[in-house]
Amino acid sequence: MTDRPPWWHGTLQGLIVGAALCVLAAFLGDIRASVPVLLTLLVSCAVGGTFTRMRRALMWSAGFLAAVLAGCVLTPVLRVPLDALTLAQPPVKADVIVVLGGGVQCGSAVLEASSMTRLERGLELWRAGYAPVMTVSEQSGLIGPSDCPKMSALERAQITALYPQDGPQVLTLANVTTTRDEAARVRAYAQERGWRRILLVTTPSHSRRAAGLFRANGLDVVSVPAREVRYDASLPLPGDRLWAVRILAYEWTSRVKNALGGTPER
C-alpha cells in the first residue's frame, strides 16, 4: 500500500507555489510598491494556494509559465514582438525635446541607467540644434520612498555640470506618476508657449506606447528613442532574453490597463 502524504503536504506546496508566482509576477510586471503592499500581496497569494482548487490552478499556471519562460529564455523568439514596441523616427527641427522620466536609485541618489541614457539622447539632440528647450520629469510622491531624490533635480544637476553656461533651457514636468501625466503636462506647456512639434525621448521598448499617449493629447510627436543599455536587443544570451520577457510583460500589461481605462504604469 502506498503511503499517503501528510495532510499538511498539499498546504505547504500551495503556499510555496503561490508565493513564487506572486514574486514572479511582481518581477515581470516591474511592480513598484511599498514593502507593506508587496508583503500583503505575497501573503494573499500564499494563503490562496492553501485551498485545493486554487492550488490546482496555481500548479497548472506554474507549469504553463515554466514552459513559456523556457522557450523564451532558450531561444531568441521574442525579437519580433520586442521590435514591435519600438517607434524610431529621424529627428527633425522641433520646439522642444521631451525627455521622459526613467527612474532613480533612491538609496544612492543617482539616476537609473534608463534615465541617464534618455538624458544623454536629449542633450545630443539639443547639441545638434534640433530644439532649444528640454523638459525633465519630477516624479510624484507615489513613486518610491518619500525621501527619494527627484529625477528632475538630478538631471538638472547633470546638465549644469556639463554646461555651466549656455546650456539648454530646461523646464520641469512636475509631480508625474505615469507617461499619461507627462503628456498632460507637455500639452499644458504647448498651449502656453505655442509649441507645435515635439521630439520625444524614451527607451525603445517604451517609445511606441509613449508616442501614442502623447498623440492622444493632440501633440505632434516625433519619436527619437535613446539607446537600450539594459540588455542587447538582438537577444544573444539568456540574460538578454529574460530582460525581454520582463519588458514585454510590462508593456503588454500597461496596454491592457490603458484599454480598460486604468492608469498605465510608467
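Shown above is the structure to which this text applies.
Novice: Please explain the state of the cysteines as it appears in this structure.
Specialist: A covalent bond between the sulfur atoms of two cysteines is what we call a disulfide. Tallied over the full model, the rule gives one disulfide. Paired through a disulfide, Cys106 and Cys148 show a sulfur-sulfur distance of 2.0 Å. Of note, the bridge from Cys106 to Cys148 carries an S-S torsion of about -85 degrees and is left-handed in sense. Of this pair, Cys106 sits in the loop between strand 2 (104-105) and strand 3 (110-111) while Cys148 is found in the loop between strand 4 (133-139) and helix 6 (151-162), placing the two residues 42 residues apart along the sequence.

Novice: Looking at this model, I keep getting lost on helix 5 (residues 113-127). Mind explaining?
Specialist: Given a rise of 1.5 Å per residue, 15 residues ought to cover 21 Å, and the 21 Å separating the end C-alpha atoms of helix 5 matches this to within 8%. Buried within helix 5 are the following residues: Ser114, Ser115, Thr117, Arg118, Leu119, Arg121, Gly122, Leu123, Leu125 and Trp126. In the stretch just after helix 5, Gly129 is the one whose phi turns positive, near 85 degrees.

Novice: Explain the environment of Val80 here, please?
Specialist: Topologically, Val80 is positioned in helix 4 (residues 79-83). Judged by relative accessible area, Val80 falls into the exposed class, the value being 64%.

Procedures and definitions
Residues numbered from 1 in each chain as written. Predicted model: local features only at pLDDT ≥ 70, side-chain atom pairs only at ≥ 80, totals over all residues. Heavy atoms only, no water. Disulfide = S-S within 2.5 Å. Helix = DSSP H or I, 4+ residues; strand = E, 2+ residues; numbered from the N terminus. Expected span 1.5 Å × (residues − 1). Buried < 20%, exposed > 50% of the residue type's maximum accessible area, 1.4 Å probe, protein only.

By themselves, these observations are geometric and do not establish any function.
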